[in-house]
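As a plain string of letters, each chain reads:
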Amino acid sequence: MIRVLIVDDQALFRGGIRMLVESQPDMACVGEAADGAQGVRIAAETQPDVVLMDVRMPVLDGIGATARIVAARPQSRVVVLTTFDLDEAAARAIRAGASGFILKDAEPELVLASIRTVHAGNEVVAASATRALFKAFGAQRRQAPSTFGGLTERERQIFGLAAKGLSNTEIARSEFVSEATVKTHISRILTKLGLRDRVQLVVFAYEHGLTGETLA
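Overview of the structure. (Residues numbered from 1 in each chain as written. Predicted model: local features only at pLDDT ≥ 70, side-chain atom pairs only at ≥ 80, totals over all residues. Heavy atoms only, no water.)

Before going further, it helps to spend a moment on the packing of aromatic side chains. For the structure on display, the rule yields three aromatic pairs. Arranged with centres 6.4 Å apart and planes meeting at 35°, the rings of Phe-148 and Phe-204 form a pair that is tilted. Placement of the pair is Phe-148 in helix α7 (residues 146-149) and Phe-204 in helix α11 (residues 198-207), with a sequence separation of 56 residues. Judged on exposure class, the residue Phe-148 and its partner Phe-204 are both buried. Plain terms: the ring middles of Phe-159 and Phe-204 are 6.1 Å apart, the flat faces sit at 85° to each other, and that makes the pair edge-to-face. (Phe/Tyr/Trp six-rings, centres within 6.5 Å; stacked < 30°, edge-to-face > 60°. Helix = DSSP H or I, 4+ residues; strand = E, 2+ residues; numbered from the N terminus. Buried < 20%, exposed > 50% of the residue type's maximum accessible area, 1.4 Å probe, protein only.)

Backbone geometry at Gln-47 places phi at a positive 50°, although glycine is not the residue there. Within the secondary structure, Gln-47 is located in the loop between α2 (36-46) and β3 (50-54). For Gln-47, a relative accessible area of 43% translates into the label partly exposed. Despite not being glycine, Val-59 shows a phi value in the positive range, around 70°. The exposure class of Val-59 is exposed, given its relative accessible area of 71%.

The element strand β1 (residues 2-7) is extensively covered by neighbouring structure, given that five of its six residues are classed as buried. Strand direction decides the pairing type here: β1 and strand β2 (residues 27-33), joined by six bridges, are parallel. Residue pairing in the sheet places Val-7 in a bridge with Ala-33 of β2. Handedness of the β-α-β unit built from β1, helix α1 (residues 11-22) and β2 comes out right-handed. In terms of strand pairing, β1 meets β3 through four bridges, oriented parallel. Note that in β3 the partner of Val-7 across the bridge is Met-53. (Pairing = 2+ DSSP bridges. Right-handed = clockwise from strand over helix to strand, strands pointing away.)

Helix-helix packing is described using two parameters, namely the angle between the two axes and the distance between the axes. Interaxial distance between helix α10 (residues 179-193) and α11 falls to 11 Å at its minimum, and their mutual angle equals 60°. Our classification of the angle between α10 and α11 gives oblique. The way α10 lies across α11 gives a crossing that is left-handed. Counting all contacts with α10, which are made through Ile-186, Ile-189, Leu-190 and Leu-193, the residues of α11 involved are Arg-198, Leu-201 and Phe-204. Class assignment of the residues belonging to the contact of α10 with α11 gives a composition of six nonpolar, no polar and one charged. (Axes fitted to C-alpha atoms, helices over the stretch in contact; angles between N-to-C directions. Parallel < 35°, antiparallel > 145°, perpendicular 65-115°, else oblique. Left-handed = near helix turned anticlockwise from the far one by under 90°. Contact = heavy atoms within 4.5 Å. Nonpolar A, V, L, I, M, F, W, Y, C, P; charged D, E, K, R; others polar.)

Sheet faces and side chains relate simply in a regular strand, where the side chains alternate between the two faces. Strand β4 (residues 77-82) sits mainly inside the fold: six of its six residues count as buried. Side-chain alternation along β4 places Arg-77, Val-79 and Leu-81 on one buried face and Val-78, Val-80 and Thr-82 on a second face that is also buried. Where β3 meets β4, five bridges bridge the pair, whose relative direction is parallel. In the sheet register, Leu-52 faces β4, and the bridge partner there is Val-79. Handedness of the crossover joining β3 and β4 through helix α3 (residues 62-72) is recorded here as right-handed. In the sheet, β4 pairs with strand β5 (residues 101-103) via three bridges, with the strands oriented parallel. Its bridge partner lying in β5, Thr-82 is registered against Leu-103.

Structure, rendered in structure tokens:
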């Protein structure tokens, strides 16, 4: 059973998402919160598997709430909810530890698929809107830190493919290696760069101009 917490300041929206979640045999809504501070408190009490987090809320916004929830319980996965497909606040929430974002007007099937995706340990990174967001967020690029220089040539190749949003299966097929090998490379890359997951890897790539021309 996937335990879901909904954090949004719009009661009607929360109610709709709750009904959607509870219609699924493998999901349960463990709580609702109307602001980020309340969300942090309820997350501590209920220890959800997945948190659906609005970005703009009173008292404490989704960025701060995400950072606190993930710091207290790293296994809780946060999916950011946003109205805008080019939302810098959503990118900041991802940097704070969220596992991706979806638009509030997304189809119900996509919302449910996103919950299952992050619960399985993956990230929501494939949407074109997500790539557009990261590209806009990385418009003012910074020099890559010295840690990037510590990657091997092979790790840089894998990094570039992951930054394009390719899955482990797609990378393995492209590079003629096993998925297990790709997972090992990705794990080492994340460790060397001090990143939480593949979503933060994509953000890192855009922020430092490491995405390559194929992502244009």
